[in-house]
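Observations on the model geometry
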Amino acid sequence: MDVFNILKITASIITVIFAFIAGYIELRKNPDYWLNRWFAIFFVSAAFGFLAYSIYHLATLEPYLIIPIMITAQFLYNFAIISLLMTVFILEKSEKLAMVPKYLTIMMVLYIISIFGFFIWTPTLNMERYKQGIVDTETPIGWFLFVNVWRLVLFIFVLYKYAIVAKSTQGVPRKQVLWFFAGSFIVIVGILFNLIGGIFESILIEILGLIASDIGVVFIVKGFLIK
């Protein structure tokens, strides 16, 4: 297997482990509160997304299986971000007011917007590289840019809202929010690296993006461990 593929899988598996840990910690704190549930869904969805990412990069699957698994990973990534947006609604409006059709509909519409293009501009597998042991999926540039910009906009919006929350809290909650803010900022850097790597077809830059995501998730987990 190509060394770049090995690095991709390694970085991705690290993310899977930390994301599952974060989801478990968050849900264990208060399993009946939807804020904790949406945080847990965010981490678990991201974990399954990176798990799917790891699987289709093994370069041992039949080529026809890779694109469906790749698209599944993208669906899971986007649902993770939507779940994070729901935490903002709950913090701003309260659990009772946020868990209503209005906000759930907003969430689902945004999610559909983020995935519909995969059925129209379907990614392809670079067979020449695949024969060399490198899994390189290629998404039409217009849709690739749209999805990554969609992720960046929502992440930045969530960060902005959490920055406001950090200003209005003190003590442990403030420290937790600050760690979450820092971790999310690093994840945004990872998304940017992935965007740049995709545009310039640089696997190395994409790997740097995965490493940034690993670091960001570690920061977020650290925040949830503060008591």
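Everything quoted here is computed from the prediction, not taken from an experiment. (Residues numbered from 1 in each chain as written. Predicted model: local features only at pLDDT ≥ 70, side-chain atom pairs only at ≥ 80, totals over all residues. Heavy atoms only, no water.)

1. Things to note about the packing of helix α1 (residues 3-29) against helix α2 (residues 34-56)
This is how the line gets drawn: The axes used here are C-alpha line fits, helices contributing only the stretch in contact, and every angle between their N-to-C directions lies in the interval 0 to 180 degrees. Starting at the N terminus, helices and strands are each numbered in turn, a helix being any DSSP run of H or I of at least four residues and a strand any DSSP run of E of at least two. Here the word oblique covers every angle except those under 35 degrees (roughly parallel), over 145 (roughly antiparallel) and from 65 to 115 (roughly perpendicular). Whether a crossing is left-handed or right-handed is set by the direction in which the near helix is turned from the far one by less than a right angle, anticlockwise for left-handed and clockwise for right-handed. In this classification, the charged set is Asp, Glu, Lys and Arg, the nonpolar set is Ala, Val, Leu, Ile, Met, Phe, Trp, Tyr, Cys and Pro, and all remaining amino acids, among them Gly, are polar.
Between α1 and α2, the shortest axis-to-axis distance is 8 Å and the interhelical angle comes to 160 degrees. By the angle class used here, α1 and α2 are roughly antiparallel. Of the two elements, α1 crosses α2, and the hand of that crossing is left-handed. Class assignment for the residues of the contact of α1 with α2 results in 16 nonpolar, five polar and four charged.

2. Quick look at helix α5 (residues 101-115)
Keep this limit in mind: One less than the residue count of a helix, multiplied by 1.5 Å, gives the span that helix is expected to have. Only protein chains enter the accessibility calculation, which uses a 1.4 Å probe. A residue is then buried if its area is under 20% of the maximum for its type, exposed if over 50%, and partly exposed in between. Here the arc refers to the set of directions running from the helix axis out to each C-beta atom. In this analysis, two residues are considered to be in contact whenever any of their non-hydrogen atoms come within 4.5 Å of each other.
Its 15 residues give α5 an end-to-end C-alpha distance of 21 Å, which sits within 8% of 21 Å, the value for a rise of 1.5 Å per residue. Listed as buried for α5 are Y103, M107, Y111, S114 and I115. Each buried residue of α5 lies within a common arc of 100 degrees when the element is viewed along its axis, so the set occupies one face. Exposed residues lying more than 90 degrees from the buried face of α5 are P101 and K102. Check the buried side of α5 and you find it contacts α2, α3 (63-93), α4 (95-98) and α7 (141-167).

3. Description of unusual backbone geometry
Phi at S94 is positive, roughly 90 degrees, even though this residue is not glycine. Tracing the backbone through its elements, the reader meets S94 in the loop between α3 and α4. With a relative accessible area of 31%, S94 lands in the partly exposed category.

4. Some remarks on the pattern of salt bridges
Basically, it comes down to this: The term salt bridge refers to a pairing of a side-chain nitrogen on Lys or Arg with a carboxyl oxygen on Asp or Glu at a separation within 4 Å.
Tallied over the full model, the rule gives four salt bridges. For the salt bridge of K161 with E92, the shortest nitrogen-to-oxygen distance reads 2.8 Å. Note that K161 is positioned in helix α7 and E92 in helix α3, a separation of 69 residues in sequence. Between D136 and R129 there is a salt bridge whose closest N-O contact spans 3.2 Å.

5. Description of the side chain of D214
Within the element layout of this structure, D214 appears in helix α9 (residues 203-225). Ignoring sequence-local partners within four residues, the contact set of D214 consists of A11, I14 and T15.

6. Some details on the environment of S114
Here S114 shows up in helix α5. Those residues within four positions of S114 in sequence are excluded, and the remaining contacts are N78, W143, V147 and W150.

7. Topic: the packing of aromatic side chains
Note the cut-off: Each Phe, Tyr or Trp ring (for Trp, its six-membered ring) is paired with any other whose centre lies within 6.5 Å, and the angle between the two planes then decides the class: stacked below 30 degrees, edge-to-face above 60, tilted in between. In this scheme, the term charge over a ring applies when either NZ of a lysine or CZ of an arginine sits within 6 Å of the ring centre and within 35 degrees of the ring normal.
Summed over all chains, the structure comprises 18 aromatic pairs. With a centroid separation of 5.6 Å and 80 degrees between ring planes, the pair formed by F39 and F180 is classed as edge-to-face. One end of the pair, F39, is in helix α2; the other, F180, is in helix α8 (residues 171-199), and 141 residues separate them in sequence. For F180, a relative accessible area of 3% puts it in the buried group. Taking the centre distance of 5.2 Å and the plane angle of 70 degrees together, the rings of F116 and W143 count as edge-to-face. In this pair, F116 is assigned in the loop between α5 and β1 (124-125) and W143 in helix α7, connecting sequence segments 27 residues apart. Overall, the relative accessible area of 36% leaves F116 in the partly exposed class. Three or more aromatic residues link up through ring pairs in this structure, and these residues are F75, F116, F118, F119, W121, W143 and F146. In this arrangement the basic side chain of R37 is found over the ring face of W34, its NZ or CZ atom lying 4.8 Å from the centre.

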